[in-house]
Amino acid sequence: MAHLLERAAARWPHSKAFIDGDRSVSFAQARTRCQSLSAWMAGQGGQSGDRVGLLTHNCFEAFETMFATWAAGMAIVPANCRLQVEELAHIYQDAGVRIMVYSEPFRDKAVQLKALCPQVETWICVGGAGDDLSYDAIVAEQAAFSAKSVEADELAWVFYTSGTTGKPKGAMLSHRNLMAMVSQIQLEMNPASPGDVILHGAPITHGSGLCAFNNLAYGATNAVIADQGSFDPDQVFSLIEKHRVTTMFLVPTMVRRLANCPRVDEYDLSSLHTVIYGGAPMPLSHTTQAVRVFGQIFVQLFGQAEAPMACTVLPKEAHFGEPDEEQTKIMSSAGREILGAEVATFDEEGNRLGTGEHGEICVRGDLVMMGYWNNQQATAETIRSGWLHTGDAGHVDERGYLFITDRIKEMIITGGANVYPREVEDAICRHPDVLEAAVVGIPDEEWGEKIVGFVAVKNGSTLSAGDVVEHCHSLLADYKRPRRIELRQSLPKSGYGKIMRRELRDELLCATSRSA
């Protein structure tokens, strides 16, 4: 992976590699800065395979740290800066991080982490120093360094899962995994070229950051939005206009906010040609609205930390603003398997299923992780006979389109019938006053489980719980309809933008327990 920056610096030395506010760094400058950081790491006794922790807002120094780490033969362990200290401590302890790079806004978290992560030997601060080492001083030394020889199957990235069903597990990604991902994105999702600009509005420790590498390898510029804890559509539109942004990665909630912004027509967004979205389901009604607003520029992906970035892709030409019946069916899918990945469904006994047969979605290919860090049992449960078991349920039709029903463990069984939350959520979200929805099942003496819907409504809406129930009558069979609706201003999300169904369910269970 380190060679991608070397390659770009040789071909486009004076072109902008990174833009961060009023700052910019050329490819040649980025290479020099990374060499200085790599030399420092090696000089501190860093060994091949050592882990380097990363806790920063969106900034170009985070990308430099990644490339410097790889050049030194080490592995990067990024974590979402929105996580709480105890969550971060679990990640850095579990990974055995030796060097930590953090940015000044998270100094308070770093102070607390020092007490919880005694195995960390060195702390480096971006944008400050205090009692720690200064990142700026290290990269200013301009020390020469030749990248270490690294085999394709050596560890490059420990990617911790979002932890929606328990403690996050570290998916071990090799250089081979990441290079397969880079090639797949370039070939089938976003063929980057010099002159392109990708704007990182989502955390670069997740999907947006993974979309950076093919852009960098092909001479495109990476522009970052310093994460201030909220997603501001006007800020995004302004930066698209200012930097002539061509590409973005967004989670569905962000796409929805951009499409709903009443001032969208006030900006020149004509440069934007690709928006990759994924990380969570997006209701069809939201997708079609986005296409009507921005045009046929969207690419949907289905993937996970264990198989980044995409197992399947729904390309731009399969997105429509006013789809007919056949187009609606295609848009309801997660697309078709990406080149280099094989996708199939399996039953509970591990038998491969045929076309149209419903089962667990599995994938194999060079993008599949090496396994989970320090967790052989979870690895054995997840990778069986070379197939990664994703935990998602669905089927593949006769044309190769993958249809995802939901997470297997989040299926609701009510009155003996299986109900997938995603289907109910999609129906609820078709109401024009609904921003987003989450559906969970809670214990019920009569039905086994009762379906409860949590609904976030638009500002100024007078939508009632009864209106939502009535809306579902013509869209869902009786047993699939929510028996209770909770209206909210917003729904809880993980640091990566996924709605936390488990948190909502726990809230209901706690309230039920107190009332009993």
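Here the structure is a predicted model, which is why all the values come from computation and not from measurement.

A. The arrangement of the overall build of the protein chain in detail. Summing up its helical and strand segments, the protein chain has 17 helices and 27 strands in all. At 23 Å, the protein chain has a C-alpha radius of gyration in line with the 24 Å of a compact globule built from 516 residues. Counting only C-alpha atoms, the protein chain reaches 70 × 50 × 45 Å along its principal axes. Here the protein chain holds 516 residues, and the buried ones make up 57% of them. Taking contacts inside the protein chain between residues at least 6 apart in sequence as the whole, the part at least 24 apart equals 67%. In the structure as shown, the protein chain presents an accessible area of about 21,300 Å², 47% of it carried by carbon and sulfur atoms. Taken together, the 46 basic and 64 acidic charged side chains of the protein chain have centroids lying 1 Å from each other.

B. Seen up close, the pairing of strand β21 (residues 387-396). Of all the 10 residues making up β21, nine are buried; the element is thus mostly covered by neighbouring parts of the structure. Pairing between strand β18 (residues 359-365) and β21: four bridges, direction antiparallel. Residue pairing in the sheet places Cys362 in a bridge with His389 of β21. Relative to β21, strand β20 (residues 383-384) is paired through two bridges, and the arrangement is antiparallel. Directly across from Arg384, in β21, lies its bridge partner Trp387. As consecutive antiparallel partners, β20 and β21 are separated by two residues, and within that stretch Ser385 has a phi angle of approximately 55 degrees, a positive value. The pairing of β21 with strand β22 (residues 402-407) spans five bridges and is antiparallel.

C. Up close: the packing of helix α1 (residues 2-11) against helix α3 (residues 60-71). Put simply, α1 and α3 touch, their axes get as near as 7 Å, and they point 110 degrees apart. Taken together, the axis directions place α1 and α3 in an arrangement best described as roughly perpendicular. In contact with Ala2, Leu4 and Leu5 of α1, α3 contributes Phe67, Trp70 and Ala71. When grouped by side-chain class, the residues that make up the contact of α1 with α3 number six nonpolar, no polar and no charged.

D. Local environment of the nonpolar core. Ranked by internal contacts, the top residues of the largest apolar core, which has 115 residues, are Trp70, Trp157 and Phe213. The greatest single-element share of this core, amounting to eight residues, is contributed by α3. Setting aside residues no more than four positions away along its own chain, Trp157 makes contact with Met66, Trp70, Ala75, Ile76, Pro78, Ala171, Met172, Leu173, Leu178, Thr205, Leu210 and Phe213. Formed by 27 residues, the second largest nonpolar core is a distinct cluster that contains Ala75, Leu88, Phe106 and Trp373.

E. View of the sheet that holds strand β13 (residues 274-277). Ordered in space as β2-β1-β11-β10-β12-β13-β14-β15-β16, the nine strands form an open sheet in which the pairing is mixed. Every interior strand has two partners, whereas the edge strands, β2 (23-26) and β16 (336-337), have only one. Relative to β13, strand β12 (residues 247-250) runs parallel, the two sharing four bridges. The residue bridging Met248 from the neighbouring strand is Val275, located in β13. Strands in contact with helix α2 (residues 27-43) are β1 (16-20) and β2; relative to β2, the strand with the most contacts, it is inclined by about 85 degrees.

F. Inspection of α2 at higher detail. For α2, with 17 residues, the first-to-last C-alpha span of 24 Å sits near the 24 Å given by 1.5 Å per residue. Every buried residue of α2 is listed here: Phe27, Ala30, Arg33, Cys34, Ser36, Leu37, Ser38, Ala39, Trp40 and Met41. In the stretch just after α2, Gly45 is the one whose phi turns positive, near 90 degrees.

G. Structural context of unusual backbone geometry. Residues Pro308 and Met309 are joined by a peptide bond in cis, for which omega reads -5 degrees. Notably, Arg244 is not glycine yet its phi reads approximately 55 degrees, a positive angle. Following the sequence through the fold, Arg244 ends up in the loop between α10 (233-243) and β12. If you check the backbone angles, Asn374 has positive phi at about 55 degrees while not being a glycine. Tracing the chain through its elements places Asn374 in the loop between β19 (371-372) and α14 (376-382).

H. Quick look at the packing of aromatic side chains. What the rule picks out here adds up to 15 aromatic pairs. Taken together, a centroid distance of 6.5 Å and an interplanar angle of 85 degrees make the contact between Phe63 and Phe213 edge-to-face. Placement of Phe63 in helix α3 and of Phe213 in helix α9 (residues 212-217) is noted, with a sequence separation of 150 residues between them. Across this residue pair, the class does not change: Phe63 and Phe213 are buried. Here the aromatic residues Phe18, Phe60, Phe63, Phe67, Trp70, Trp157, Phe159 and Phe213 are joined through ring pairs into a cluster of three or more.

Conventions used here
Residues numbered from 1 in each chain as written. Predicted model: local features only at pLDDT ≥ 70, side-chain atom pairs only at ≥ 80, totals over all residues. Heavy atoms only, no water. Helix = DSSP H or I, 4+ residues; strand = E, 2+ residues; numbered from the N terminus. Rg over C-alpha atoms; globule rule 2.2 N^0.38 Å. Buried < 20%, exposed > 50% of the residue type's maximum accessible area, 1.4 Å probe, protein only. Contact = heavy atoms within 4.5 Å. Areas by Shrake-Rupley, 256 points an atom, 1.4 Å probe, with all protein chains shown as cover. Lys, Arg positive; Asp, Glu negative; His and termini not counted. Charge placed at Lys NZ, Arg CZ, Asp CG, Glu CD. Pairing = 2+ DSSP bridges. Axes fitted to C-alpha atoms, helices over the stretch in contact; angles between N-to-C directions. Parallel < 35°, antiparallel > 145°, perpendicular 65-115°, else oblique. Nonpolar A, V, L, I, M, F, W, Y, C, P; charged D, E, K, R; others polar. Core = buried A, V, L, I, M, F, W, Y, C linked by side-chain atoms within 4.5 Å. Expected span 1.5 Å × (residues − 1). Phe/Tyr/Trp six-rings, centres within 6.5 Å; stacked < 30°, edge-to-face > 60°.

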